[in-house]
Amino acid sequence: MKSYQQLFAELTRRHVFRVAAIYGAVSFALIQVADPLTKALMLPDAFLTYVVAILLLGFPLALVLAWAFETTPEGVRKTEPASPDEIAAIVAEPAAQRWSAGLLALLGVAALVAGAWWVGRRSGTSEAALATSRGPEARLAFTVLEDDPRPSIAVLPFADMSPQSDQEYFSDGMTEELLNTLAKIQELRVAARTSTFAFKGTNLTAGQLGDTLRVRYFVEGSVRKAGDRLRITAQLIDTSTGSHLWSDTYDRTLDDVFVIQTEIAEAIADQLRVPLGLEGDEALVIPTGDLDAYDLYLAGRAQMRLRGEGLREAIRLFETAVEHDSAWAPAWAALAEAREISIWHARSLGVPEDSLRVFADSALVRSERAARRALELDPRNASALVALGSVQRDRAEWEASEASYRQALAIDPDNAEAHHQYADLFYNMGRIADAVREADRAWALDPAPIRAEVLSWALELDDRIREAADVNTAALAVAPEQARERLLSMSVLAYLRTGQLDRALETMDELAATSPRYASLAKRWGVVRPNLETGFRGLMDGSRPAVAAARGALDSLPGIADIGVIPPTLAWMMVGEPDSAVVALLRDETKLLTGRTAIFWHPLLDPVRSDPRVQAWLAERRLGGVEVRRTPVDERRTPMILRERAGTGTP
């Protein structure tokens, strides 16, 4: 009898083949279940990899156990040696009967290997995307704006010329859609919507617009919508001369709205002699066949621009839009954006304090679902990738988030929102130098107050408090009234840390007088201000005699921290109370989201970052032992907002 036949018979007798077949099939099924479970339960990306690793390691163990033990009516016991007749009987069986066990075992092994390969390929694709994104588009992310040779253009809000003047949301939406269409032409640099909408209703000259928005050309026009008729006029203007380079009027039905957007973009590209840069069947505009969905989408974008309570209505409108056309990617992407943004406006949406985390977790699940649906329909939807990156960042899925942002920038290198959110990711990871560069780029592309806030915070974390204070001052000089509150709040600490007590108090005076958020404070400002000044002096002094006064001011307001201008943990560090700072840090700074870790990298907290309590908290977010990376002094570059303020384009 041949030895391999004896071995085969022994493996069959000991049920090793049967165990291999069952183990492989069950493992494959577990891998398929683990993938959606990872997403549904918001588990770390590595969870699926761990599952596969355990299954692979368990396979040889299962075979060894099958060989060594057998199950009997009396229980599990060591397998007894076979008699020669028993092995001979198995070998004598027909080939089809003997080999079926081996074939089933082979199929089981194949199923296990296939499942492991699928997970490896899935992870490899993500890593490849991240590696690829460290190529040309990563360099674009840090390009100096002054060195950009491309024609620069802005799209000003189109005027609503409808008979009832009730289509402003439609004309604003057309503006935004045309801006997004032009942004797909990578040989153009397009000013962000946040900047251009700030000039809605103003009467600046072409030259003033060019200087303020830092563009050579701009598009302006009007929209007249009546029933199913649509008249759109558009003109291209050279800001250096004020001359009209091109203009046209489109008198069509509403069904042609997407064709009009495409034709305007193509005409502008032709005038500026830049290629569209489209590949294969790629299009500048992705249309929907349901115009009701488009109308709902534009109305939703108008509500989303309002933030606050407008986000609730925006989400409702986007949800209705996708009900009308569930295969239209832009509506899904907008829904993903709105849901993620709603987390940061939870209080204004009436979410109770004790429900913030539940609200945030639910919003993230729904945002991710919408973003992934948009990407299924259009893998090149940059807005969906930004929303997905933000969801992943908020969950502390750092590598996945970075890959999403880089993919978005590979598609749309001039996407100011992508640079903005990318900076946010960096400073939550402790990569402060990268955050400063990205925030500076975001502001250069879109000189809006919200971009200045991110840049100021990044500079403060980079231990460049003087520049952070100067950025706030420069931004406040041009910020519209509705955007001043956040900048004012952020300025207080910067002024105190740079020894500008009077400016800090003047800033608080303005907040108390003008901010709805500080209305209750304004009613008793005369009593509060002396205590606040005492506390501010104590924070600046940091000396022992001042600690009690500072603490008294903190308690009497009932606190500087409670009015939102100085985080408690930083206040305690400023008055020399590191233990109180750690307690406040772990209690107050992490109520909402796992990925909110930026304050942990603040220079004032450098002395306590090695505290075991802090390190344990960071380790839970995969940041344990991470060293903060700030910009070396000899590599610091003056932010563009400050270079412009100084009247120089040089660093």
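Treat the numbers as computed from the prediction; the structure is a model and nothing was measured. Residue positions are given per chain, counting from 1 as you read along its sequence in written order. Only residues with pLDDT of 70 or above have their local features reported here, since the model is predicted, and side-chain atom pairs are shown and tallied only from 80 upward, although totals for entire chains, interfaces and linings are computed over all residues. Side-chain measures were taken over the full set of non-hydrogen atoms in the model, leaving aside hydrogen atoms and water.

Participant: How should the overall build of the protein chain be read in this particular structure?
Facilitator: We count a stretch as a helix when DSSP gives it H or I for four or more residues in a row; a strand needs E for two or more, and each element gets its number in order from the N terminus. If you tally the helices and strands in the protein chain, you get 29 helices and 8 strands. Burial classification: accessible surface area is computed with a 1.4 Å probe over protein chains only, and a residue below 20% of its type maximum counts as buried, one above 50% as exposed, and the rest as partly exposed. In the protein chain, which comprises 651 residues, the share counted as buried stands at 52%. Here the contacts in the protein chain between residues at least 6 apart in sequence split such that 66% fall between residues at least 24 apart. Per element, the accessible surface of the protein chain, about 29,500 Å² overall, is 55% carbon and sulfur. Only heavy atoms enter the contact rule, under which two residues are in contact if any of them lie within 4.5 Å. The protein chains shown are the only cover counted for residues, whose accessible areas, like all others here, come from Shrake-Rupley with a 1.4 Å probe.

Participant: Just checking my understanding: could you explain the packing of aromatic side chains for this structure?
Facilitator: Two aromatic rings, taken as a pair, are described by how far apart their centres are and by the angle between their planes. Pairing of aromatic rings covers Phe, Tyr and the six-membered ring of Trp, with a centre-to-centre limit of 6.5 Å; geometry is then stacked below 30 degrees between planes, edge-to-face above 60, and tilted otherwise. The tally for this structure, following the rule as stated, stands at 10 aromatic pairs. For the pair Tyr-294 and Tyr-297, a centre-to-centre distance of 6.4 Å together with 25 degrees between the ring planes defines the contact as stacked. Of this pair, Tyr-294 and Tyr-297 both sit in helix α11 (residues 291-306), 3 residues apart, which is roughly one turn of that helix. Each member of the pair, Tyr-294 together with Tyr-297, is buried. Working rule: Lys NZ or Arg CZ, within 6 Å of ring centre, within 35 degrees of ring normal, means a charge sits over the ring. Lying over the aromatic face of Phe-170, Lys-225 brings its terminal NZ or CZ to 5.2 Å of the ring centre. It is Arg-621 that lies over the ring of Trp-617; its NZ or CZ is 3.4 Å from the centre.

Participant: When you look at empty space enclosed by the protein in this model, what are you seeing that I'm missing?
Facilitator: Vacant regions in the atomic arrangement are exposed by a probe of water-molecule size rolled over the atoms. Of the two site types, the cavity is a set of points on a 1 Å grid over the protein atoms alone where a 1.4 Å probe fits but cannot get out, and the pocket is an open set with protein on both sides within 12 Å along at least five of seven lines, each lined by residues with an atom within 4 Å of a point. Grid points are joined across faces, edges and corners, and a volume is the space filled by probe spheres set on the points. One pass over the structure, following the stated rule, counts 3 cavities of 30 Å³ or more. Size it by volume and the largest cavity reaches roughly 80 Å³. Residue assignment for the lining of the largest cavity shows that the elements contributing at least two residues are α13 (329-342), α15 (382-394) and α17 (416-429).

Participant: Sorry if this is basic, but what is going on with the pairing of strand β8 (residues 244-253) here?
Facilitator: Two faces, one strand: in a regular strand the side chains alternate between the faces of the sheet. Relative to β8, strand β7 (residues 229-238) is paired through 9 bridges, and the arrangement is antiparallel. Each residue of the ladder has a partner; that of Thr-233, found in β8, is Thr-249. Counted between consecutive antiparallel strands, the loop separating β7 from β8 contains 5 residues, among which Gly-242 sits at a positive phi close to 80 degrees. Here, any two strands with at least 2 DSSP bridges between them count as paired.

Participant: It is not clear to me how the pattern of salt bridges should be interpreted in this structure. Could you clarify?
Facilitator: Close approach of charged atoms allows side chains of opposite charge to pair. Throughout this description, the term salt bridge denotes a Lys or Arg side-chain nitrogen within 4 Å of a carboxyl oxygen of Asp or Glu. Tallying each qualifying case throughout the model produces 39 salt bridges. Arg-622 is the partner of Glu-399 in a salt bridge, and the nearest nitrogen-oxygen pair spans 3.5 Å. Pair noted here: Glu-399 is in helix α16 (residues 398-411) and Arg-622 is in the loop between α28 (612-620) and α29 (640-645), with a separation of 223 residues, a long-range link. Residue classification places Glu-399 among the partly exposed residues on the basis of a relative accessible area of 44%.

Participant: Whenever I open this one, unusual backbone geometry confuses me. Can you help?
Facilitator: Of all residues except glycine, most have a negative phi; of all peptide bonds, most are trans. Phi at Ala-396 takes a positive value of approximately 65 degrees, unusual for a residue other than glycine. Tracing the backbone through its elements, the reader meets Ala-396 in the loop between α15 and α16. For Ala-396, a relative accessible area of 3% translates into the label buried. At Arg-622, a residue that is not glycine, the phi angle is positive and equals roughly 60 degrees.

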